[in-house]
Every structure is written in C-alpha cells, then in structure tokens.
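Commentary on secondary and tertiary structure
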Amino acid sequence: MIISIDTDVLSEVASLARSINEEINQISEIMQRVTIHEDWNCKERDAINDAITNNRKAQANLQEMSESFSGTLTSISERFLEAERDLPSKFQHLDSMIGSALSVVDKIRNSDNISSGIVREIRADIKLTDSMECYELESLTDNINICGFEQFVNQT
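Presented here is an overview of the structure given in this document. (Residues numbered from 1 in each chain as written. Predicted model: local features only at pLDDT ≥ 70, side-chain atom pairs only at ≥ 80, totals over all residues. Heavy atoms only, no water.)

Some points on the packing of helix α1 (residues 7-33) against helix α2 (residues 45-90)
The description of two packed helices rests on the angle between their axes and on the distance between the axes. Relative orientation of the contacting elements α1 and α2 amounts to 160°, with a least axis distance of 8 Å. It follows that α1 is roughly antiparallel to α2 by the angle criterion. Seen from above, α1 lies across α2 with left-handed handedness. Of the residues contributing to the contact of α1 with α2, the split by class is 13 nonpolar, 13 polar and 4 charged. (Axes fitted to C-alpha atoms, helices over the stretch in contact; angles between N-to-C directions. Helix = DSSP H or I, 4+ residues; strand = E, 2+ residues; numbered from the N terminus. Parallel < 35°, antiparallel > 145°, perpendicular 65-115°, else oblique. Left-handed = near helix turned anticlockwise from the far one by under 90°. Nonpolar A, V, L, I, M, F, W, Y, C, P; charged D, E, K, R; others polar.)

Put into structure tokens, the structure is as follows:
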C-alpha cells in the first residue's frame, strides 16, 4: 500500500481550519451580545431565554471543538512538513557510502559489482544511530525489488 501525503494540501487545509476557527470565535463574540431579558412579561420569555442559553452552550461547545480540531490539524501539518524537510538528511550517509563503495570497486576491479565484503569494510568505520540510516546500511547489498505499475492499479 502506498500512502501519499501532499504537505502543501495539508498546510492549506490546516490554514482553512484556523480561518474557520477565527470565524467561529467571532460568532461566539456576537452571540455573547445577545442578552437575556428578565424584565419581559410575556409567556414566551422563559422559552426565549432558554433558547439563548442553549445556543450559547452549543456555541461554546462548537468553539471548543473547532479550536481542538484546528490545533490538532496545525500540529499534524507542522509535523509532516518537518518530516519532509528532514527526509533528505536521512539519506546523506547513504550517498557517501555508495560513493566510497564505488571508488573502492573502481580501484579494485573496474567493472565488477559491489560485493558485501567491500560494503562491510566500508561500514566498519561508520557509526550510525538513526534507525533509517541503520536500515539503509544493513540493506545496501540487498537486491532492489522492482514491480510493474500494473500490480498497484486495477486490483480487485
């Protein structure tokens, strides 16, 4: 399964959620201006006052949920953007390892493939702590799995 997250769209949605939250906050301020009238002497007074009170409670609940949703969406968006920015740095050691391996192979045999022995020799001096880099180093000599596009589309 391939999961694709467009961080630009995610940022736009988070921005839209913040904008909607601002609108809800403005509506909440307006609703607070609606006054409850205790000086009315009509039979509908209690029903009107109850409706105003219920609307304020519903508005406060909506405002709280909107703030929570907006904050969560913004946080998620920022985390994905940060991950996207950090991703290239996760592979910088891999490039240098491949370059070192290729230069060693070129010196040893001009046309032979990189052997796992050469890779072990190169990685003996490399100390990695990041799990992604460790995985890359361990699977450097593994065969690359290539699959056709047809395997992912028109599946039933």
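What about α1?
The end-to-end C-alpha distance of α1, which contains 27 residues, comes to 40 Å, matching closely the 39 Å that a straight helix rising 1.5 Å per residue would cover. Of all the positions in α1, only T7, L10, A14, A17, N21, I24, N25 and S28 are classed as buried. Against the buried residues of α1 lie α2. Near the N-terminus of α1, the side chain that reaches the backbone nitrogen of D8, with its oxygen 3.1 Å away, is that of D6. (Expected span 1.5 Å × (residues − 1). Buried < 20%, exposed > 50% of the residue type's maximum accessible area, 1.4 Å probe, protein only. Contact = heavy atoms within 4.5 Å. Polar contact = N/O pair within 3.5 Å; in protein donor to acceptor, adjacent residues only side chain to side chain.)

A word on the side chain of S28
Turning to its location among the elements, S28 is positioned in helix α1. A residue is classified by how much of its surface remains accessible, and S28, at 9% relative accessible area, is buried. Each residue touching S28, except ones within four places of it in the same chain, is listed here: Q59 and Q63.

This is a description of form; function is not addressed.
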